[in-house]
Amino acid sequence: MIDIRNLSLDPLIRVIVISDIHASLTLFKELLKKLNYTEEDYLFINGDLCEKGLNSLDLVHYVQWMDKNLQRVFITKGNCDVVFRHVFRGNDIGRQYLNRRPQSMMHEMIASTGQSFSDGMSLTKASSIFQDIFEQEIEWLESLPIAYETDDFIIVHAAVDELWPNTEEADAYILLPSMKKVTP
């Protein structure tokens, strides 16, 4: 069963939902400023904090700080936030991903050690770097729920299906072609 956290929200407080930041810390901060975000607002950051952009680790650290210090910030994990699982499993998807995506949190982690995955690094070595040096970040990302459910809405990165709340984790991350039809 997926991790769904239930919340009771004050209906008089503004709710902001932001998704797919993809390592754009500057744009994220600019968006919060444009929205006149304050600590009084409810802020939902709905997955895909990292990957595809230039500042995955900086963004993760910033959102971790928000999570720890601000009471009304709620974060879900998206598929890009746990893509490192493929490397941990040592499967080809992990290698293909690292070869195809030079802008990723995993490349940032490896680069912080003065190394590069493109130097022929094994998945075992990459996995060791992630788990030994960045254990805290990995554990925090893994600890994030898949969804938040309130009386009025569900915040989930990609989709719910007819099995909700027994939706499979992968289905909650990635909108499957068969689930594209939205019904009222």
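Here the structure is a predicted model, which is why all the values come from computation and not from measurement. (Residues numbered from 1 in each chain as written. Predicted model: local features only at pLDDT ≥ 70, side-chain atom pairs only at ≥ 80, totals over all residues. Heavy atoms only, no water.)

Q: Would you mind going over the pairing of strand S4 (residues 73–76) with me for this structure?
A: A regular strand places its side chains on the two faces of the sheet in alternate fashion. Covered by surrounding structure in S4 are Val73 and Ile75 together with Phe74 and Thr76, the residues of both alternating faces. Pairing of strand S3 (residues 42–46) with S4, which is carried by 4 bridges, proceeds in the parallel orientation. In the sheet register, Leu43 faces S4, and the bridge partner there is Val73. Crossover handedness for the path S3 to helix H2 (residues 56–69) to S4: right-handed. (Buried < 20%, exposed > 50% of the residue type's maximum accessible area, 1.4 Å probe, protein only. Helix = DSSP H or I, 4+ residues; strand = E, 2+ residues; numbered from the N terminus. Pairing = 2+ DSSP bridges. Right-handed = clockwise from strand over helix to strand, strands pointing away.)

Q: Hey, could you run me through the side chain of His107 in this one?
A: Locating His107 in the fold gives a position in helix H5 (residues 105–111). For His107, a relative accessible area of 16% puts it in the buried group. For His107, the residues in contact, after removing those within four places along its chain, are Leu98, Arg101, Pro102 and Phe117. (Contact = heavy atoms within 4.5 Å.)

Q: What should I look at first to understand the packing of helix H1 (residues 25–34) against H2 in this one?
A: Between two packed helices, what matters for the description is the angle formed by their axes and the separation of those axes. The N-to-C vectors of H1 and H2 enclose an angle of 40°; their axes lie 9 Å apart at closest approach. Our classification of the angle between H1 and H2 gives oblique. Residues Leu25, Phe28, Lys29 and Leu32 of H1 lie in contact with H2, whose contacting residues are Asp58, Leu59, Tyr62, Val63 and Met66. Broken down by class, the residue content of the contact of H1 with H2 amounts to 7 nonpolar, no polar and 2 charged. (Axes fitted to C-alpha atoms, helices over the stretch in contact; angles between N-to-C directions. Parallel < 35°, antiparallel > 145°, perpendicular 65-115°, else oblique. Nonpolar A, V, L, I, M, F, W, Y, C, P; charged D, E, K, R; others polar.)

Q: Is there a simple way to explain the pattern of salt bridges in this structure?
A: Opposite charge on two side chains permits pairing when their charged atoms draw close. Scanning all chains against the criterion turns up 5 salt bridges. One salt-bridge network, held together by shared partners, links Lys77, Arg85 and Glu142. (Salt bridge = Lys/Arg side-chain N within 4 Å of Asp/Glu carboxyl O.)

Q: Got a minute to help me understand the environment of Tyr62 in this structure?
A: With respect to the helices and strands, Tyr62 occurs in helix H2. Tyr62 gets classed as partly exposed once you look at its relative accessible area, which sits at 25%. The sequence separation of Tyr62 and Lys29 amounts to 33 residues, and the corresponding C-alpha distance is 9.9 Å. If we skip the residues at most four places from it in the chain, Tyr62 touches Leu25, Phe28 and Lys29.

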